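Below, each chain spelled out in residue letters.
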Amino acid sequence: MKQFIASSQKYNFALRRILMIALLLVPFAFAGCGGKLGKIEAPVVDTAIADAEAAITAAKEADAPSLAPDAFEAAKSNLEAAKTALEEKRGNDALQHAYQAIADAKLARKSAINIATNSELNAAILQKEARAEALRNKLSDKESALKRAESEMQTIRGGEAQLKQKVRDLQKQNRELNITRENYNNQVAELLKTVEEMQARGQRVETEIQSYGKEISALRRKLEVADRIVKEEGYQKRSAIAEAEALRKQMREQAEIYTKKLAEAGQQGIAAKHADFLKQQAQTARAYVDSQPPISPAKTGRTSLSTAQIAAGKAALSNWENAWQSSDLNVHLAYYGPNIVADKVVIHESKEQRSKIDRQQLESELRQMNTHAWTKVKTDTEVESESIIGVQQMSRLVVPAADENATALYNIWIREVWMHQIGSDWKIHHEIWKIFENVPDF
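What counts and what doesn't
- Residues numbered from 1 in each chain as written.
- Predicted model: local features only at pLDDT ≥ 70, side-chain atom pairs only at ≥ 80, totals over all residues.
- Heavy atoms only, no water.
- Helix = DSSP H or I, 4+ residues; strand = E, 2+ residues; numbered from the N terminus.
- Buried < 20%, exposed > 50% of the residue type's maximum accessible area, 1.4 Å probe, protein only.
- Contact = heavy atoms within 4.5 Å.
- Expected span 1.5 Å × (residues − 1).
- Arc of directions from axis to C-beta.
- Pairing = 2+ DSSP bridges.
- Axes fitted to C-alpha atoms, helices over the stretch in contact; angles between N-to-C directions.
- Polar contact = N/O pair within 3.5 Å; in protein donor to acceptor, adjacent residues only side chain to side chain.
- Parallel < 35°, antiparallel > 145°, perpendicular 65-115°, else oblique.
- Left-handed = near helix turned anticlockwise from the far one by under 90°.

Trainee: Teacher, can you tell me more about the overall build of the chain here?
Mentor: The helix and strand tally for the chain stands at nine helices and six strands. By residue count, 29% of the 442 residues in the chain fall in the buried class. Looking at the chain alone, contacts between residues at least 24 apart form 68% of all its contacts between residues at least 6 apart.

What follows is the structure in structure tokens.
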């Protein structure tokens with residue numbers, strides 16, 4: 001645009017120079033024709049003035065007064081000067097001013113036309129620039145939409161990856177449950193085999209006892225016969241006494257064997273009852289595992305905690321456990337968040353009772369539990385997401401074994417706590433209790 005305006009200005013300047021030279025040469029031409037310098041005929045001047053007026057009119061029609069005011073005013077001024085010189089009989093001056101007026105008028109008209117053309121071009125350029133800017137904005141919007149779509153796609157892919165990982169975790173848990181069920185099935189099969197062996201052994205013992213009972217009855221009848229012979233007189237007395245003594249000795253030996261067999265049969269009966277009890281417990285445990293819905297939140301094994309945070313969380317978990325072992329309930333309870341809700345599960349004779357307890361109920365039940373002597377069995381620690389998880393297993397004897405063949409019964413208490421960081425402190429936000437009542441120690 002600037003180059004176009006500069007070219008127009010150069011063109012106008014060249015046109016003015018040509019017209020100026022033409023004005024300077026015209027008087028000499030007329031002077032040569034008239035034969036006398038300075039004497040120009042009036043019709044020539046009138047024609048020049050008329051041409052100047054026509055040129056000014058043409059410039060005015062091109063809107064030169066507003067678009068090229070300087071050149072237009074110069075043309076008008078030179079026209080007035082030409083008319084004044086004509087009245088004063090100054091032919092050369094009149095002709096020069098007339099031609100100058102023509103040159104200025106043409107220059108004004110040309111400048112006005114150029115400016116109008118430039119304005120149209122400017123308008124077209126601005127319009128195209130506006131369309132280009134609109135296209136650029138539209139392209140920017142499309143690029144933004146594309147970026148959003150790519151971001152959403154990445155989010156969807158991330159969610160898909162998490163779902164796949166969750167599916168893998170569930171499949172792993174399913175495999176572990178299948179392995180656990182298979183182990184229980186194997187244990188039950190072994191127990192059944194043991195029970196069958198004991199039952200077979202018991203039957204053999206009963207058969208032997210019956211045989212020994214028959215033998216003792218036969219010996220008793222023989223002894224009765226020998227005693228009757230001893231009471232009789234005659235040569236058979238001495239041999240009858242000896243036979244009676246032999247029979248008594250044999251009866252004592254058979255009696256000892258019979259007593260042993262009876263004791264062994266009693267032991268076998270106790271063992272069989274104990275095996276039946278273990279069988280029942282195994283079946284109960286298997287049924288419980290099969291029917292038990294999950295209580296703990298799903299675990300992925302992934303965490304966003306730093307090494308320092310994990311160390312601080314485990315230290316807080318250890319302090320919480322030590323406070324319980326030392327019966328310092330105030331310190332123990334200080335590690336719980338105010339809005340904690342705990343899951344409590346009590347299993348008694350294969351029946352399960354679940355309930356949720358709030359902070360106040362939890363504190364009351366912890367104080368009640370602390371009145372009993374609990375023995376720590378084991379403690380495990382895990383890290384999941386933003387939590388440190390502690391699993392504490394304790395037991396206490398509730399029914400001692402009556403003798404060496406009986407089974408002692410215990411209450412087993414498993415506590416699973418989830419602790420996360422709040423500010424600079426670590427607080428328990430979830431706890432799960434599993435209490436097994438009157439079960440063999442496991």
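Trainee: Looking at this structure, how should I read unusual backbone geometry?
Mentor: Most peptide bonds take the trans configuration, and most residues that are not glycine carry a negative phi. For Lys 89, which is not glycine, the phi torsion reads 65° and is therefore positive. Note that Lys 89 resides in the loop between helix H4 (69–87) and helix H5 (91–231). One non-glycine residue, Ser 385, adopts positive backbone phi at about 55°. Here Ser 385 shows up in the loop between strand S3 (375–384) and strand S4 (387–399).

Trainee: What am I meant to see in H4 here?
Mentor: An α-helical segment advances 3.6 residues per turn. Residues three or four places apart therefore align on the same side. Spanning 19 residues, H4 covers 27 Å between terminal C-alpha atoms, matching the ideal 27 Å at 1.5 Å per step. For H4, the full list of buried residues reads Ala 71, Phe 72, Ala 75, Asn 78, Leu 79, Ala 82 and Ala 85. The buried residues of H4 occupy one face: seen down the axis, they fall within an arc of 150°. In this structure, H4 carries Asp 70 and Glu 87 as exposed residues pointing more than 90 degrees from its buried face. Just beyond H4, the residue with positive phi is Lys 89, at close to 65°.

Trainee: Looking at this structure, how should I read the sheet that holds strand S2 (residues 351–357)?
Mentor: Whether parallel or antiparallel, the strands of a sheet pair through hydrogen bonds between backbone atoms. As summarised here, the arrangement of the six strands in space is S2-S1-S6-S5-S4-S3, forming an open sheet in which the pairing is mixed. Of all the strands in the sheet, just S2 and S3 have a single pairing partner and so form its edges. For this sheet the average axis-to-axis angle between neighbouring strands, irrespective of direction, equals 15°. Bridge count for strand S1 (residues 342–348) against S2 is seven bridges, and the pairing is antiparallel. Residue pairing for S2: Lys 344 is matched across the bridge by Ser 355. Helix-sheet contacts for helix H7 (residues 307–325) involve S3, S4, strand S5 (409–422) and strand S6 (425–439), and the interaxial angle to S4 is about 20°.

Trainee: I keep staring at the pairing of S3 and nothing clicks. Help me out?
Mentor: Here nine bridges tie S3 to S4, and the two strands are oriented antiparallel to one another. What sits directly across from Thr 379, in S4, is Gln 392. Hairpin connection, S3 to S4: the antiparallel pair is bridged by two residues, and Ser 385 has positive phi, about 55°.

Trainee: Looking at this structure, how should I read helix H9 (residues 359–369)?
Mentor: Taken residue by residue, H9 has Leu 362, Leu 366 and Met 369 as its buried positions. Seen end-on, H9 carries its buried residues on one side only, within an arc spanning 60°. Against H7, helix H8 (329–333), S1, S2, S5 and S6 lie the buried residues of H9. Where H9 begins, the side chain of Asp 358 points an oxygen toward the backbone nitrogen of Gln 360, at a separation of 3.3 Å.

Trainee: Just to check I follow, could you spell out the packing of helix H2 (residues 42–61) against H4 for this structure?
Mentor: Describing two packed helices takes the angle between their axes plus the distance from one axis to the other. Running from N to C, H2 and H4 point in directions that differ by 160°, and their axes come no closer than 10 Å. It follows from the interaxial angle that H2 and H4 lie roughly antiparallel. In this structure, H2 meets H4 at a crossing whose hand is left-handed. Contacts from Val 45, Asp 46, Ile 49, Ala 52, Glu 53, Ile 56, Ala 59 and Lys 60 of H2 reach H4 at Phe 72, Ala 75, Lys 76, Leu 79, Ala 82, Lys 83 and Leu 86.

Everything listed is a geometric property; what it means functionally is a separate question.
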